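Chain by chain, the residues:
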Amino acid sequence: MTQTTTPQQSTSATFKALKCKECGEEYELKAAHVCEFCFGPLEVTYDYSAIRRMVTRESIQAGPHSIWRYRAFLPVATDKPIDVGTGMTPLVQAHRLARRLGLEQLYIKNDAVNMPTLSFKDRVVSVALTRAQELSFSTVSCASTGNLANSTAAIAARAGLDCCVFIPADLEAGKVMGTLIYGPTVMAVEGNYDQVNRLCSEVANTHGWGFVNINLRPYYSEGSKTLGYEVAEQLGWQLPDHVVVPLASGSLFTKIYKGFQEFVQVGLVDEKPVRFSGAQADGCSPIAQAYRENRDFITPVKPNTIAKSIAIGNPADGIYASEIARKTNGTIESVSDAEIIDGIKLLAETEGIFTETAGGTTIAVLKKLVEAGKIAPNEKTVVYITGNGLKTQEAVQGYVGEPLTIEPKLDSFERALERSQVLERLEWQPVLV
Ligand SMILES: *Cc1c(COP(=O)(O)O)cnc(C)c1O
Ligand SMILES: [Zn+2]
């Protein structure tokens, strides 16, 4: 089961090596994620002149309706990746939310409806498990805050891989059921995500499993670039002015940035400055704190927030995310749990999109940035909604009113309707109460 050698690279493969982000040391394309010399994170490198020769806007548009239309930019050698329809989620112009906030051009990238498990994690897992098969792993695993376990279990089932996932024991019921249903082994660890992650690093070393976000992390994280590519393509092969992105480990944020840069480098879009702003919950905001205090190191925190899917107290890519926010003239902000709930409701009521707590965090940060003048009304702004509200229903329980229970009779309905209209008037005109 343990994999040690590198399989033959196919001639059409465009990825070249793993390279340390800190010291530049290069490694063969195996399952590894830290530099042996300086412990820096490893990242996949590509032959961009080869990609430039292979890829045009037309060739991408003629590809599959999934992330695999960007295969030349992804670290897999096969022509037959695991394609579960992940990606190409809607980019919707959010007219009503824009008007409410005072913005002119606001877009929602809606990964709440990503396939197959309704979060952006399906992108990274599709790439990681395709690569895991190339590296001959038969058992795949992950350390998860919830959504990653859903994706890993579902896509492993589809690919016929054995699967064992690790989650903190206190996750939302929807996240746990949304994993168990696919029949993996589920380890519910009595501890927070950072403790789960540490345990998994030890298991990866001793069991030779493919952990999507540990020893396969360099491949896995590349899948997030597709959230950059799709937005550029869906905006008519243009980059936006400003993006607002939720931060857990910070990986997604840095990879959207890399995706935009790669599209510029191979000539698919024109270069232009894009401002990158990040969103965290007050109850777990180590990146926002480092940003605010202008530090070049992260001080780990103990998470305490309803936004469990982004509650990583010791974020691996936090410093890289903070650097990008600074150099693109963006920012990193955090919001309270109450603001997160309001954010979930605001998006639902204005745009008909039910997002989970991570999305509520992002909308609340968007609102805060607009109110503080940190997003100008005329900036073309894209907000990334990364997960689905049906998975975190307990977060809004008690904040959304209740159904009116009536008898199956017209007069019962009429009385209830009248009562509800009175209630509505009271809500709108509280001064009269
Ligand atoms: C995992 C996750 C993120 C952010 O992930 P990174 O670790 O920063 O790449 C954002 N939103 C949701 C819903 C997630 O599950
Ligand atoms: Zn190094």
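Conventions and cut-offs
- Residues numbered from 1 in each chain as written.
- Chains lettered and ligands numbered in written order.
- Predicted model: local features only at pLDDT ≥ 70, side-chain atom pairs only at ≥ 80, totals over all residues.
- Heavy atoms only, no water.
- UniProt positions renumbered as here; feature names shortened; annotations may be inferred.
- Helix = DSSP H or I, 4+ residues; strand = E, 2+ residues; numbered from the N terminus.
- Rg over C-alpha atoms; globule rule 2.2 N^0.38 Å.
- Buried < 20%, exposed > 50% of the residue type's maximum accessible area, 1.4 Å probe, protein only.
- Contact = heavy atoms within 4.5 Å.
- Areas by Shrake-Rupley, 256 points an atom, 1.4 Å probe, with all protein chains shown as cover.
- Lys, Arg positive; Asp, Glu negative; His and termini not counted.
- Charge placed at Lys NZ, Arg CZ, Asp CG, Glu CD.
- Expected span 1.5 Å × (residues − 1).
- Near = heavy atom within 4 Å.
- Polar contact = N/O pair within 3.5 Å; in protein donor to acceptor, adjacent residues only side chain to side chain.
- Nonpolar A, V, L, I, M, F, W, Y, C, P; charged D, E, K, R; others polar.
- Donors = N, O, S within 2.8 Å, 3.2 Å for Na, K, Ca; no water.
- Tetrahedral: all angles 85-135°; square planar, octahedral: opposite > 155°, others 65-115°.
- Salt bridge = Lys/Arg side-chain N within 4 Å of Asp/Glu carboxyl O.
- Domains from an automatic or database assignment.
- Pairing = 2+ DSSP bridges.
- Axes fitted to C-alpha atoms, helices over the stretch in contact; angles between N-to-C directions.
- Phe/Tyr/Trp six-rings, centres within 6.5 Å; stacked < 30°, edge-to-face > 60°.
- Lys NZ or Arg CZ within 6 Å of the ring centre and 35° of its normal.

The name that an unreviewed UniProt entry assigns to the chain is Threonine synthase, with the source organism given as uncultured Synechococcales cyanobacterium. A UniProt comment under Catalytic activity (unreviewed entry) is attached to the chain, and it reads "O-phospho-L-homoserine + H2O = L-threonine + phosphate". Entered under Sequence similarities (unreviewed entry) in the UniProt record, the comment concerning the chain runs "Belongs to the threonine synthase family."

### A short note on the overall build of the chain
Helices and strands together make up the secondary structure of the chain, namely 15 helices and 13 strands. Here the C-alpha atoms of the chain give a radius of gyration of 22 Å, agreeing with the 22 Å that 2.2 N^0.38 yields for 433 residues. When its C-alpha atoms are laid out on the principal axes, the chain stretches across 75 × 45 × 45 Å. Burial analysis of the chain (433 residues in total) assigns 57% to the buried set. Counting only contacts in the chain whose residues sit at least 6 apart along the sequence, the fraction spanning at least 24 positions is 70%. Total accessible area on the chain stands at roughly 18,800 Å², and carbon and sulfur atoms take up 51% of it. Where the 42 positive side-chain charges of the chain centre and where its 49 negative ones centre are 3 Å apart.

### Side note on the UniProt feature "modified residue: N6-(pyridoxal phosphate)lysine" (unreviewed entry) in the chain
Within this numbering scheme, the UniProt entry marks Lys121 as carrying the feature "modified residue: N6-(pyridoxal phosphate)lysine" (unreviewed entry). As for its placement among the helices and strands, Lys121 is situated in helix H4 (residues 121-134). Looking at Lys121, the relative accessible area reads 13%, which means it is buried. Apart from the residues lying within four places of it in its own chain, the contact partners of Lys121 are Asn147, Leu148, Ser151 and Tyr220.

### Examining H4
Helix length check: H4, at 14 residues, gives a terminal C-alpha distance of 20 Å against a target of 20 Å (1.5 Å per residue), a fit within 8%. After H4 finishes, the residue Ser136 shows a positive phi value of roughly 65 degrees.

### A look at the site of ligand 1
By nearness alone, 15 residues border ligand 1, and Lys121, Asn147, Ser249, Leu252 and Thr386 come closest of all. Side-chain polar atom of Lys121 to an oxygen atom of ligand 1: 2.8 Å apart, as the coordinates give it. For ligand 1, whose accessible area on its own is 390 Å², the fraction buried by protein is 96%. For the shell around ligand 1, a count of residues per class yields seven nonpolar, six polar and two charged.

### Structural notes on the coordination of the zinc ion (ligand 2)
For the zinc ion (ligand 2), every protein donor is listed as Cys20 (SG), Cys23 (SG), Cys35 (SG) and Cys38 (SG), and the spread of their distances is 2.3 Å. Taken together, the four donor atoms surrounding the zinc ion (ligand 2) define angles of 95 to 119 degrees at the centre, an arrangement classified as tetrahedral. When the donors of the zinc ion (ligand 2) are listed by position in the chain, the intervening gaps give C-x2-C-x11-C-x2-C. Taken as a pair, Cys23 in the loop between strand S1 (15-20) and strand S2 (26-27) and Cys35 in the loop between S2 and strand S3 (42-46) lie far apart in primary sequence, twelve residues in all.

### Some thoughts on the UniProt feature "binding site: pyridoxal 5'-phosphate" (unreviewed entry) in the chain
Residues given the UniProt feature "binding site: pyridoxal 5'-phosphate" (unreviewed entry) here are Asn147 and Thr386. A maximum C-alpha distance of 9.8 Å places the annotated residues, which cover 240 residues in sequence, within one compact spot. Beyond its immediate stretch of four places on either side in the chain, Asn147 contacts Ser119, Lys121, Lys175, Ser309, Glu356 and Lys391. Here Thr386 is to be found in the loop between strand S13 (380-385) and helix H15 (410-428). The buried category is assigned to Thr386, whose relative accessible area is 5%. Dropping the residues within four chain positions of it, Thr386 is found in contact with Asp111, Leu118, Ser119, Phe120, Pro246, Leu252 and Ala358.

### Some words on the pattern of salt bridges
Counted according to the given criterion, the structure contains 23 salt bridges. The residue Glu371 makes a salt bridge to Lys367 at a minimum N-O spacing of 3.4 Å. Highlighted residues: Glu371 and Lys367, both in helix H14 (residues 357-371), separated by four residues, approximately one helical turn.

### A look at the domain arrangement of the chain
Taken domain by domain, the chain holds domain 1 (91-117 + 222-395) and domain 2 (405-433). A straight line from the C-alpha centre of domain 1 to that of domain 2 covers 38 Å.

### Some thoughts on the side chain of Arg69
Tracing the chain through its elements places Arg69 in the loop between helix H2 (57-61) and strand S4 (91-93). Beyond its immediate stretch of four places on either side in the chain, Arg69 contacts Ile60, Gln61, Gly63, Pro64, Met88 and Glu233.

### Some remarks on the sheet that holds strand S8 (residues 185-189)
In space, the four strands of this open sheet follow the order S8-S7-S6-S9, with parallel pairing throughout. Here the strands that pair on one side only, and so sit at the sheet edges, are S8 and strand S9 (210-211). Two elements, strand S7 (residues 162-168) and S8, share five bridges in a ladder whose sense is parallel. Within S8, the position partnered with Cys164 by the bridge is Thr185. Each of strand S6 (139-143), S7, S8 and S9 touches helix H7 (residues 193-207); the most contacted strand, S7, lies at about 150 degrees to it.

### Observations regarding the pairing of strand S12 (residues 332-335)
Side-chain alternation along S12 places Ile332 and Ser334 on one buried face and Glu333 and Val335 on a second face that is also buried. Of the pairings in the sheet, the one linking strand S11 (residues 275-281) to S12 comprises four bridges and is parallel in character. Paired with Ala279 across the bridge in S12 is Glu333.

### Some thoughts on the packing of aromatic side chains
The full count for this structure, using the stated rule, is twelve aromatic pairs. Aromatic side chains Tyr70 and Tyr229 sit 5.1 Å apart centroid to centroid with 45 degrees between the ring planes, which places their arrangement in the tilted category. You can see Tyr70 sitting in the loop between H2 and S4 and its partner Tyr229 sitting in helix H9 (residues 226-234), a full 159 residues away along the chain. Considered together, Tyr70 and Tyr229 belong to a single accessibility category, that of buried residues. Here Tyr229 and Phe263 contribute two aromatic rings whose centre-to-centre distance is 4.7 Å and whose plane-to-plane angle is 15 degrees, an arrangement assigned as stacked. Remark: Phe263 occurs in helix H10 (residues 251-265) and Tyr229 occurs in helix H9; sequence separation between them is 34 residues. Each of the two residues, Tyr229 as well as Phe263, counts as buried. Sitting above the plane of the Tyr219 ring, Arg131 keeps its charged end 4.9 Å from the centroid. The side chain of Arg326 reaches across the aromatic face of Tyr291, ending 4.5 Å from its centre.

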